[in-house]
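Next come the chains, spelled out residue by residue.
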Amino acid sequence: MSHRRFLSPLAAAIVAMLSLAPVRTEAQSAEKGNAQGKTLGGPGGVIAVNGVRDENLPTPPIGPTPHAADGKPNLFGVWLSGNYNFANMGGALPLQPWAQKVMEDRQATQGRDDPEAKCLPGGVPRITPYPFKIVQSPEVIVMLFEGNVHSFRQFLLDRGHDKELDPSWMGESIASWQGDTLVVDTVNFNDKTWLNGRGAPHTEKLHVIERYSRPDLGHLDVEITMEDPGAFTKPHTFKRTHVLSTTWEIHEYVCNEFNVDVDRLVGK
Amino acid sequence: MTSSPGISAAALALLIAPAFGHHSFSAEYDANKPVNVQGVVAKLAWVNPHAYIYVDAKDASGKITRYAFETSSPNALLRRGWKRDSLKEGDQVTVDGYLAKDSRPLTDGSLHGNARLVTLATGKTVFAGSSADDGGPAK
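Residues numbered from 1 in each chain as written. Chains lettered and ligands numbered in written order. Predicted model: local features only at pLDDT ≥ 70, side-chain atom pairs only at ≥ 80, totals over all residues. Heavy atoms only, no water.

Draft legend 1. Region of interest: the sheet that holds strand E9 (residues 236-245) of chain A. Residues and elements named next belong to chain A. Strand order in this closed barrel of nine strands is E1-E2-E3-E4-E5-E6-E7-E8-E9, and the pairing throughout is mixed. For this sheet, the mean angle separating the axes of adjacent strands, direction not counted, is 30°. Pairing of strand E6 (residues 181-187) with strand E7 (residues 207-216) involves five bridges; the strand directions are antiparallel. Within E7, the position partnered with Val184 by the bridge is Glu210. (Pairing = 2+ DSSP bridges. Helix = DSSP H or I, 4+ residues; strand = E, 2+ residues; numbered from the N terminus. Axes fitted to C-alpha atoms, helices over the stretch in contact; angles between N-to-C directions.)

Take a look at the structure:
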């Protein structure tokens, strides 16, 4: 159900203009087809999530792909995850039976044990409604996340993985350019994060390969492959598209400031 | 499109999109416990991960009950037109929301709920739900 029904005609007109947003979208169409929440078609194919939609997302700008001084596509910008069903990862994940059981148990308790609700990092490749920023140099590309908690990922270019690192929430990423595509390879994850809001688990064997491309000014495409011989029966690949905001910035978000939710997430 | 009863067609409805929650609605709130609270704003707590609207409601006997309604994060509210002083102490509001499954009051004694729709005395409505991904009701 859309809250559009509460709109006055004037506000509806404003909202209609604002929600022309993320129109493009092979990936979004795929997400729409697979959405597990109630899906409502809307202007520009905007997708409802469990009957809730974000009417006021900025419209991404139109223009050619920007390039950095070294000639590579420049991924710099504040990026939004759009109106996705955030839990969706291109259909059912190929989970091993134990992992499927864990996911179902987490759903049965209404996601009460989700690390995100405890203000812990969301991990990779989980996305949230919070914006993130990419900052790029020839040696390193950094993703700065406003939320769920402030966190970062750094993609060190053209080097190997550090074999000595302990498992971590966001993993350890290396990257290289293959033509106009940035290929990011991430390992060294702990097993504490959920892959999505539906509670899909993973192990420390998780290996994520992301292929970032910026086909135009306003869009960031990502093809994501997850491998986890500890939790998956086979690798799983899906696509996402993020949209650029020229009006939003990332801001401070101190999740633990007043998280009264922590001991009140009772589930059933 | 239809207008909701009680809201003037001429009223500018400022919708606050329900993004930026960090927990599942149903883990904390009960969709079977809807509330419609009319009262005055006691304070707006501009805090993370969710801003809170505290509302004092008086019953027929004059007894005042304070509710603490969770909304979106301050950043999310700000991006959609709220400011930290958008609601002021003493403002008349009506909050449509849901009570928490855990009925214990917060430490200050207020009843805990989740706001989906806030209607000001002017008729202006603001959507205040806390998450696009929380699985909760749309209003």
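On we go.
Draft legend 2. Inspection of the environment of A:Gly160 at higher detail. All names here are of chain A. Along the chain, the position of Gly160 falls in the loop between strand E4 (151-157) and strand E5 (172-178). The partly exposed category is assigned to Gly160, whose relative accessible area is 48%. Once the C-alpha coordinates of Gly160 and Val142 are considered, the two residues, 18 residues apart in sequence, prove to be 17 Å apart. (Buried < 20%, exposed > 50% of the residue type's maximum accessible area, 1.4 Å probe, protein only.)

Draft legend 3. Region of interest: the pairing of strand E4 (residues 92-100) of chain B. Residues and elements named next belong to chain B. Of the strand pairs in this sheet, strand E1 (residues 29-45) and E4 are connected by eight bridges, and their pairing is antiparallel. For Val37, the partnering residue across the bridge sits in E4 and is Val95. Pairing geometry for E4 and strand E5 (residues 111-120), over seven bridges, is antiparallel. The partner of Thr94 across the bridge, within E5, is Thr119.

Draft legend 4. Examining the state of the cysteines more closely. Residue and element names in this part refer to chain A. For the structure shown, the criterion picks out one disulfide over all chains. A disulfide bridge connects Cys119 with Cys255, and the sulfur atoms are separated by 2.0 Å. Taking the sign of the S-S torsion, about -70° here, the bridge from Cys119 to Cys255 comes out left-handed. Residue Cys119 is located in the loop between helix H3 (97-108) and strand E2 (132-136), and its partner Cys255 is located in the segment after E9; the two are separated by 136 residues in the primary sequence. For the pair formed by Cys119 and Cys255, the shared burial category is buried. (Disulfide = S-S within 2.5 Å.)

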